[in-house]
Amino acid sequence: MQRARYVRLYTDSRGETHFEDLEVPLTPQEFAPADVPLNMAKFLPVNSSFWLGGPGEWAGDVPRPASKRQIFCTVQGEYEITASDGDVRCFPAGSVLFFDDIHGKGHLTRITNKKGTLVFAVSIAEEKTGNNNI
């Protein structure tokens, strides 16, 4: 069974941020009429999408939580996130990060290549119930 893998950055009950490796199983579903089914899975409801580019010298030197729940899909370059628990991870092109740390101590961000980074970002819709659909 094919799976989509991503990293979630979240805040615990003490306000500390941590990384969590997650995956979503994909199941065959009709995608294009009269064609072979493709592997798919519902994920999270979204509000909007946007492109975000940062120069190579950009570094978030002050820890902060995410401004909103969002997913970053790295298209070019690479950036590094430091969680408040001290764990550090790099997110190169092809990686997916779900920012779910909208309160607490936050995280640090640093672009790690000279040419800068480009991400395709998706803003997650507000939850209407307690279910986050993950």
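For the structure itself, look to the data block above.
Residues numbered from 1 in each chain as written. Predicted model: local features only at pLDDT ≥ 70, side-chain atom pairs only at ≥ 80, totals over all residues. Heavy atoms only, no water.

A. Layout of the packing of aromatic side chains. By the definition in use, this model includes six aromatic pairs. Relative to Phe120, the ring of Trp51 lies with its centre 5.0 Å away and its plane at 65 degrees, an arrangement referred to as edge-to-face. One end of the pair, Trp51, is in strand E5 (residues 46-54); the other, Phe120, is in strand E12 (residues 117-124), with 69 residues separating them in the sequence. Residues Phe72 and Tyr79 carry aromatic rings whose centres are separated by 6.3 Å and whose planes lie at 75 degrees to one another, so their mutual orientation is edge-to-face. Of the residues examined, Phe72 reaches a relative accessible area of 11% and is grouped as buried. Among the aromatic side chains, those forming a connected cluster through ring pairs are Phe19, Phe72, Tyr79, Phe91 and Phe99. (Phe/Tyr/Trp six-rings, centres within 6.5 Å; stacked < 30°, edge-to-face > 60°. Helix = DSSP H or I, 4+ residues; strand = E, 2+ residues; numbered from the N terminus. Buried < 20%, exposed > 50% of the residue type's maximum accessible area, 1.4 Å probe, protein only.)

B. Local environment of the sheet that holds strand E11 (residues 107-111). A sheet is described by the order of its strands in space; here four strands give the open sequence E6-E11-E8-E9, paired in antiparallel fashion. Since the sheet does not close on itself, it has two edges, and those belong to strand E6 (59-64) and strand E9 (88-92), each with one partner. With strand direction ignored, the average angle separating the axes of adjacent strands in the sheet is 15 degrees. As defined by bridge partners, strand E8 (residues 78-83) adjoins E11 across five bridges and the pair is classed as antiparallel. If you follow Tyr79 over to E11, its bridge partner there is Ile111. (Pairing = 2+ DSSP bridges. Axes fitted to C-alpha atoms, helices over the stretch in contact; angles between N-to-C directions.)

C. The arrangement of the state of the cysteines in detail. A complete count under the given rule lists zero disulfides for this structure. Free of any disulfide, Cys73 has its nearest neighbouring cysteine sulfur in Cys90, separated by 17 Å. What makes Cys73 partly exposed here is its relative accessible area of 25%. (Disulfide = S-S within 2.5 Å.)

D. Just the side chain of Thr11, in detail. As for its position among the elements, Thr11 is in strand E1 (residues 3-11). According to the relative accessible area criterion, Thr11 is buried, its value standing at 12%. Polar side-chain contacts of Thr11 include one of 2.9 Å to the backbone oxygen of His103. Ignoring any residue separated from it by four or fewer positions in sequence, one finds Thr11 in contact with Glu16, Thr17, Asp100, Asp101, Ile102, His103 and Gly104. (Polar contact = N/O pair within 3.5 Å; in protein donor to acceptor, adjacent residues only side chain to side chain. Contact = heavy atoms within 4.5 Å.)

E. Structural view of the environment of His103. Structurally, His103 can be placed in the loop between strand E10 (96-100) and E11. Each C-alpha atom, one on His103 and one on Thr27, is 34 Å from the other, the two residues being 76 residues apart in sequence. If sequence neighbours within four positions are ignored, His103 has contacts with Thr11 and Pro65.

F. Region of the structure containing the sheet that holds E1. Spatial ordering of the open sheet is given by E2-E1-E10-E7-E12-E5, a layout of six strands whose pairing is mixed. Each of the sheet's edge strands pairs with one partner strand only, and the pair in question is strand E2 (17-25) and E5. With direction set aside, neighbouring strand axes in the sheet form an average angle of 25 degrees. With six bridges joining them, strand E7 (residues 70-76) and E12 adopt antiparallel strand pairing. Looking across to E12, one finds that Thr74 is bridged to Val119.

G. Seen up close, the pairing of E8. Within E8, five of the six residues are buried, leaving the element largely enclosed by the surrounding structure. Bridge count for E8 against E9 is five bridges, and the pairing is antiparallel. Among the inter-strand pairings, Ile81 is bridged to a residue of E9, identified as Arg89. What sits between E8 and E9 in their antiparallel hairpin is a turn of four residues, with Gly86 showing a positive phi close to 95 degrees.

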